[in-house]
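# Report on the structure
Here are the chains, one letter per residue:
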Amino acid sequence: MNTRLTKVLASVTHWLAVLSGLAFLGTGASHMLDDGAVCVETGFWANARLAPGLPVAKGVDASGSLTRLCQDSPSVGQRAADLGGELPWLLFGAIALLLFSRLLTAVLKQGPFTEPVARQLTALGWVVAVGTPVAGLVVGWSHSWLVGSMAPVVGSGPELSGPMVLVLAGLAGVILGKIMREGVRMREDLEGTV
């Protein structure tokens, strides 16, 4: 086992977790204290024809893909929904990186195939498997509500946003943690009988 690489990775992931946590706090504070406009993009009017008179060649249809909506003097709810579009992934990243750093630290202190490492891996797996859809739902619904508050015709409702494939990685971590735990128990039983 390459302990030097594991030490470096544990240290790097720890500091990345700290930076993500600071970015979470800084983004939240700066957005809540900001009194500027809140903007959001929506694809609701994708492929809608644009107003005539655009400088395009003859026979060319112009259509839009994203519409940018901005609200001057937004309400507290709109500002909170704007934060809800950014903060959940920062918080999720900080927590996942912190747990990964703790996993690597446990590997360094006690070896890779031990009960604490299996517990850390299982905990990390559950956080990733459950945290991914929760963060994606908060981000998606915040975005949907913000768009709906600026353009009521669009409406709002629950939406998922982000890479949901991370759920599979989280479930793989849970399964591997349980397999490792059983392997540790079998090894301890074997050592006890010998």
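What this report covers is the structure whose coordinates are included nearby. (Residues numbered from 1 in each chain as written. Predicted model: local features only at pLDDT ≥ 70, side-chain atom pairs only at ≥ 80, totals over all residues. Heavy atoms only, no water.)

## With respect to the packing of aromatic side chains
Inspection of the entire model under this criterion finds 1 aromatic pair. Measuring from ring centre to ring centre gives 5.7 Å for Trp89 and Phe92, while their planes differ by 85 degrees; the resulting arrangement is edge-to-face. Taken as a pair, Trp89 and Phe92 lie in helix H3 (residues 87-110) at a separation of 3 residues, close to a single helical turn. Judged by relative accessible area, which is 13%, Phe92 ranks as buried. (Phe/Tyr/Trp six-rings, centres within 6.5 Å; stacked < 30°, edge-to-face > 60°. Helix = DSSP H or I, 4+ residues; strand = E, 2+ residues; numbered from the N terminus. Buried < 20%, exposed > 50% of the residue type's maximum accessible area, 1.4 Å probe, protein only.)

## Here we look at the nonpolar core
Core analysis: the largest hydrophobic core is formed by 13 residues, its most contacted members being Phe92, Leu103, Val117, Leu121, Leu124, Val128 and Met180. Those elements that place two or more of their residues in this core are H3 and helix H4 (115-150). Among residues more than four places away in sequence, those in contact with Leu103 are Val117, Gln120, Leu121 and Leu124. Counting residues in each nonpolar core, the second largest holds 8 residues, with Val38, Val40, Met150 and Ala151 among its members. (Core = buried A, V, L, I, M, F, W, Y, C linked by side-chain atoms within 4.5 Å. Contact = heavy atoms within 4.5 Å.)

## A few points about H4
The α-helix advances 3.6 residues per turn, and as a result positions three or four apart in sequence lie on the same side. Taking 1.5 Å of rise per residue, the 36 residues of H4 would be expected to cover 52 Å, and the 52 Å separating its terminal C-alpha atoms lies within 8% of that figure. Of all the bends in H4, the largest measures some 30 degrees and sits at Gly131, one to four residues before the proline Pro133. (Expected span 1.5 Å × (residues − 1). Bend = angle between axes of the 7 residues up to and from the residue.)

## Observations regarding the state of the cysteines
Enumeration according to the criterion identifies 1 disulfide in this entry. A sulfur-sulfur separation of 2.0 Å characterises the disulfide bridge that pairs Cys39 with Cys70. Since a negative S-S torsion denotes a left-handed disulfide, the Cys39-Cys70 link at about 110 degrees is right-handed. Residue Cys39 is found in strand S1 (residues 38-42), and its partner Cys70 is found in strand S4 (residues 67-71); the two are separated by 31 residues along the sequence. In this structure Cys70 comes out as partly exposed when scored by relative accessible area, which is 44%. (Disulfide = S-S within 2.5 Å.)

## Digging into the pairing of S1
Looking along a regular strand, one sees side chains alternate from face to face of the sheet. The side-chain alternation of S1 yields one buried face, formed by Val38, Val40 and Thr42, and one unburied face, formed by Cys39 and Glu41. Where S1 and S4 come together, 5 bridges link them in antiparallel fashion. Bridge pairing in S4 places Val40 opposite Leu69. (Pairing = 2+ DSSP bridges.)

## Describing the packing of H4 against helix H5 (residues 166-193)
When two helices pack together, their arrangement is given by the angle between the helix axes and by the axis-to-axis distance. As a packed pair, H4 and H5 sit with axes 7 Å apart at the nearest point and diverge in direction by 160 degrees. Of the possible angle classes, the one that applies to H4 and H5 is roughly antiparallel. Here H4 runs over H5; the crossing is left-handed. Listed contacts from H5 to Glu115, Val117, Ala118, Arg119, Leu121, Thr122, Gly125, Trp126, Val128, Ala129, Thr132 and Pro133 of H4 are Leu166, Val167, Gly170, Leu171, Gly173, Val174, Leu176, Gly177, Lys178, Met180, Arg181 and Val184. Grouping the amino acids of the contact of H4 with H5 by side-chain chemistry returns 14 nonpolar, 6 polar and 4 charged. (Axes fitted to C-alpha atoms, helices over the stretch in contact; angles between N-to-C directions. Parallel < 35°, antiparallel > 145°, perpendicular 65-115°, else oblique. Left-handed = near helix turned anticlockwise from the far one by under 90°. Nonpolar A, V, L, I, M, F, W, Y, C, P; charged D, E, K, R; others polar.)

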